[in-house]
Amino acid sequence: MASGKKSALSDQQAEALRALPSVEELIEAPDLAEAIGEYGRELVVDSARIVLERTRRGILAGKGGGGLANRAAGGAASAAAGGGAAADLTRQIADEAASVFLPSLKTLVNATGVVVHTNLGRSVLAPEAIEAVVRTAASYSNLEYNLEAGARGSRHDHINRIIMALTGAEGALVVNNNAAAVFLALAVFGSGHEVVVSRGELVEIGGSFRIPDIMASSAARMVEVGTTNKTKISDYEKAIGADTTMLLHVHTSNYKVVGFTAEVGIAELARLGHERGLVVVDDLGSGVLAEMPALAEEPSVHDSLAAGADVVTFSGDKLLGGPQAGIIVGRKEYIEKMKAHPLARALRVDKMTLAALQATLALYLKPELALEKIPTLRMLSEPLEAIKERAEFMAAELRSALSASEVANMSLNEELENNVRAAWIGDAMAIEVQRATSKVGGGALPLLELDSYVCSIRPAAITVDELATRLRETDPPVIGRIHKERLLLDARTVLPEQLRDIASAFTQALQSMPTSPSATD
Ligand SMILES: *Cc1c(COP(=O)(O)O)cnc(C)c1O
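Bear in mind that the values here come from a model prediction, so they are computed numbers and not experimental data.

Colleague: Report on the side chain of Glu96, specifying residues and quantitative values.
Modeller: Along the polypeptide, Glu96 turns up in helix α6 (residues 79–99). When its relative accessible area of 18% is taken as the criterion, Glu96 is described as buried. Leaving out residues up to four positions away in the same chain, Glu96 has contacts with Ser47, Ile50, Val51 and Arg54.

Right under this line is the structure:
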């Protein structure tokens, strides 16, 4: 048995696969009658397929699928044990069906160090914005009602003035997100005409948003000028024709062209555009309203308008730190044209977004208040010492979770007769506080590294990938980053109120220890 371990395992795998019941067999199991009564037969059948497929994949990957493969293999050898495996499957199926009705959006701990993490929901709202959302959601409001006139009003009126006050723009409009803002600008000013853009600015943002594609879908004809690394004002001059209506400038937010480069600034582009009677649109991506050292290199909305851009677009939930939204500012006549376009209705924001955005923007009236209250800005401007303190607190919590679970696992150990567990605990894991760097994220400042502190965990008897996987399965999940066989939990992006969640997640992760020796091979 010890000599032919590999082939013995695949025999075991084959056996485990053969031992799996069919969907039909499972569905007839008395254990599932209740689930069928509660969730309907169709969903339970669907769940059975998912669970069987997951188990099959687990067996093939040599994992137990939570120990099930081994039990299923045991089940093949004896009918009684097979009953145990089937019960395990039906429980998983019932859980799978139940999960459809549980909240799918789970709050989690972002310990990646990426402040504006698009996969993790970008910005966390300020308490004032959260309060505004709750208040607005719970009641009727004057969303499209003019209280003075007792007549229909416009939803845009709730937010225009504050955006104009903060940016110095003549007009403002808010849509679903910045992609929608760029799309609307192209549809209004470029559709059926030519829009000139530099080859160095044909960006892709997160897969589906690509400047050439968005141009095509807005029915604007894209005229590319210059090269990847160099575009001059003369390139634009030569490209402008009788059918050109718009010049588009895109902030290359998520990458940098370095070395032998030249680009045309928005001031120069605006001068040319206005000479030729064209609309000059600047897609800033993030768009910065706050003045702080970490963001000094990001173009500010104010500067773009001052440089002469007619229309400027930016996101509400990137460096602004508000809800998902696309903010459009610029010359009044252009903003009015955009508001009047049928697409504006299709791309409009709802009342909760308006409430959250208004409350977030209100904090910007006092810059020090914005830095303190808006989590995105607070994380970006937090002094290194404070981050270090949080990392140290985190490490202390994790160490005590580790020693507490050591005791717990020792007693479990006997019960499960599992000596793998003892070996694993014996080696424990190294938990240290280390200096590291975090990122802004959100497609902003790709080269900027922010000094930070991480809690570094080096597990001894399981792989670092396995530790990361387990921490994703805890409640709440904790997402870190892996670097050189260590799991790094970056203190910069961990919310203060989540510090204890990390310790509890860690305890949970330690409890779901390997029950099969194969996991530690
Ligand atoms: C992020 C970004 C967008 C898209 O903004 P969303 O708010 O994600 O829709 C568009 N243009 C640029 C330059 C960006 O950085």
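Read on for the rest.
Colleague: Residue-level account of the site of the ligand, with values.
Modeller: Around the ligand, the surrounding shell holds 13 residues, and the nearest of these are Arg122, Ser253, Asp283, Ser315 and Lys318. Within the backbone of Asn178, a nitrogen or oxygen atom sits 3.1 Å from an oxygen atom of the ligand. Ala179 is positioned such that a nitrogen or oxygen atom in its backbone is 2.8 Å from an oxygen atom of the ligand. For the ligand, whose unbound accessible area comes to 380 Å², protein coverage reaches 95%. Breaking the shell around the ligand down by element, the ones donating at least two residues are α9 (178–189) and β11 (279–285).

Colleague: I'd like to hear about the packing of aromatic side chains, residue by residue, with values.
Modeller: The description of an aromatic ring pair rests on the distance of the ring centres and on the angle between the ring planes. Scanning all chains against the criterion turns up two aromatic pairs. Pairing Tyr39 with Phe101 gives two aromatic rings, centres 5.6 Å apart and planes at 20 degrees, and the pair type is stacked. One end of the pair, Tyr39, is in helix α3 (residues 33–39); the other, Phe101, is in the loop between α6 and β1 (109–110), and 62 residues separate them in sequence. Judged by relative accessible area, which is 23%, Tyr39 ranks as partly exposed. For Phe101, a relative accessible area of 56% puts it in the exposed group. On the numbers, 5.3 Å between centres and 85 degrees between planes, the contact of Phe189 with Tyr334 is edge-to-face. Taken together, the positions of Phe189 in helix α9 and Tyr334 in helix α14 (residues 332–340) put the pair 145 residues apart, joining distant regions of the chain. Here Phe189 and Tyr334 have matching classes, each one buried. In this structure, Lys230 packs its charged tip against the face of Phe260, placed 3.6 Å from the ring centre.

Cut-off values and rules
Residues numbered from 1 in each chain as written. Predicted model: local features only at pLDDT ≥ 70, side-chain atom pairs only at ≥ 80, totals over all residues. Heavy atoms only, no water. Helix = DSSP H or I, 4+ residues; strand = E, 2+ residues; numbered from the N terminus. Buried < 20%, exposed > 50% of the residue type's maximum accessible area, 1.4 Å probe, protein only. Contact = heavy atoms within 4.5 Å. Near = heavy atom within 4 Å. Polar contact = N/O pair within 3.5 Å; in protein donor to acceptor, adjacent residues only side chain to side chain. Areas by Shrake-Rupley, 256 points an atom, 1.4 Å probe, with all protein chains shown as cover. Phe/Tyr/Trp six-rings, centres within 6.5 Å; stacked < 30°, edge-to-face > 60°. Lys NZ or Arg CZ within 6 Å of the ring centre and 35° of its normal.

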